[in-house]
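Structural description and commentary
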Amino acid sequence: MDAQLAVKRDALTPAAERLAPCRRLLVLTGAGASADAGIPTFRGAGGVWRSHRPEDLASPDGFARNPELVWEWYRERRVQVARAQPHPGQRALALLARHFPAAEVLVATTNEDDLLERAGVAEVVHLHGSLFSTRCAGACGWEQAVDRDSELSRRSCPGCGAAVRPGSTWYGEPLPEAELERVLSFRADGCLLIGSSVLVAPVSNIPAEMALAGLPVVEVNCAETPFTSVATVSLRGPARDILPALVDLLTSPTVRDQRRRTAEG
Ligand code: NAD
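What comes next concerns the included structure. (Residues numbered from 1 in each chain as written. Predicted model: local features only at pLDDT ≥ 70, side-chain atom pairs only at ≥ 80, totals over all residues. Heavy atoms only, no water.)

Some thoughts on the overall build of the chain
A tally of regular secondary structure across the chain gives 11 helices and nine strands. Out of the 265 residues in the chain, the part that is buried amounts to 48%. In the chain, the share of contacts with a sequence separation of at least 24, taken over all contacts with a separation of at least 6, comes to 68%. (Helix = DSSP H or I, 4+ residues; strand = E, 2+ residues; numbered from the N terminus. Buried < 20%, exposed > 50% of the residue type's maximum accessible area, 1.4 Å probe, protein only. Contact = heavy atoms within 4.5 Å.)

Digging into the environment of Gly120
Along the chain, Gly120 turns up in the loop between helix 7 (115-119) and strand 3 (124-126). Dropping the residues within four chain positions of it, Gly120 is found in contact with Ala94 and Arg98.

So, the pairing of strand 8 (residues 217-221)
Taking burial as the measure, the five residues of strand 8 include five buried ones, the bulk of the element. Taking every second residue as pointing to the same face, both faces of strand 8 are buried, with Val217, Glu219 and Asn221 on one and Val218 and Val220 on the other. For strand 7 (residues 190-194) and strand 8, the ladder comprises four bridges, and the chain directions are parallel. Looking at strand 8, one finds that Ile194 is bridged to Val220. Crossover handedness for the path strand 7 to helix 9 (residues 205-212) to strand 8: right-handed. (Pairing = 2+ DSSP bridges. Right-handed = clockwise from strand over helix to strand, strands pointing away.)

Notes on helix 6 (residues 88-99)
Look at helix 6: 16 Å from first C-alpha to last across 12 residues, which is about the 16 Å you get at 1.5 Å a residue. Gly89, Gln90, Ala92, Leu93, Ala94 and Leu96 are the residues of helix 6 that are buried. Elements in contact with the buried residues of helix 6: strand 1 (24-29), helix 2 (32-35), strand 2 (104-109), helix 7, strand 7 and helix 10 (239-250). (Expected span 1.5 Å × (residues − 1).)

Digging into the pattern of salt bridges
Inspection of every chain in the model, using the stated rule, returns seven salt bridges. Of the charged contacts, one joins Arg77 and Glu112 as a salt bridge, the two residues approaching to 3.0 Å between their closest N and O atoms. Taken together, the positions of Arg77 in helix 5 (residues 67-83) and Glu112 in the loop between strand 2 and helix 7 put the pair 35 residues apart, joining distant regions of the chain. As far as the burial class goes, Arg77 and Glu112 line up, both buried. Close ionic contact of Arg165 with Glu173 constitutes a salt bridge, the shortest N to O distance being 2.7 Å. (Salt bridge = Lys/Arg side-chain N within 4 Å of Asp/Glu carboxyl O.)

Next comes the structure, spelled out in structure tokens:
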């Protein structure tokens, strides 16, 4: 085993030990969780789209200023995601959701892509909406899943004739109520936080409040974040490498025994 992998394994065990006793594990993923599938993050290297800041495009003001530019950006990202394949770390999360012994796992994401669904995660709570949804930019409430077809983006709203816009939740907009409620009412007692810079509120408050309450929060990120100092354990490296090994441990017989002993004692 090379030295780097040995270090990683040393860090993985305490992380697995802290998450193993959880009964309601929240898996929360940010843009970094899809980076290994070739989907760029907004803030990291290679994350800049032309010369625009995402806040200037993914916002109601940005859309009002230049709707065609915003649509061009969204169509490009739809195609990029449609061409991508889930990476092994995302497939590992599907295994965890199914096989984490005697516990419930809820997978929530701020990502707008559908890679976790395609990796096999049965329920994914999208806290920032979906890249593959188009809705009325006016007030009539029309919305449609577009299944990678961007044709609707070139038409007017069939409900009221207003312009249509991407269905994502933009900067400055409230989170979808039902999705946020699904996460809050889950009452997680542990969190696996993957590839998030923990900068975009209110989702960033969820792991922060859990850590403050003394609940285990394990961070997986290839760089240090503002959350690292409060994380129970911080695992440094790409999600593609860390998650399969961590999920292996969490679904292992040793961890099953540890859970059983915790439940009995
Ligand atoms: P973010 O704030 O969640 O930051 C990305 C984080 O991922 C950084 O901390 C970075 O160090 C980490 N990271 C990068 N590559 C990684 C890897 N291979 N493994 C583990 N960690 C890795 O994301 P953002 O890019 O600033 O975007 C903010 C918001 O924009 C998101 O919450 C989302 O709504 C949207 N967004 C979505 C997608 C998507 O759907 N895939 C992509 C970009 C942005």
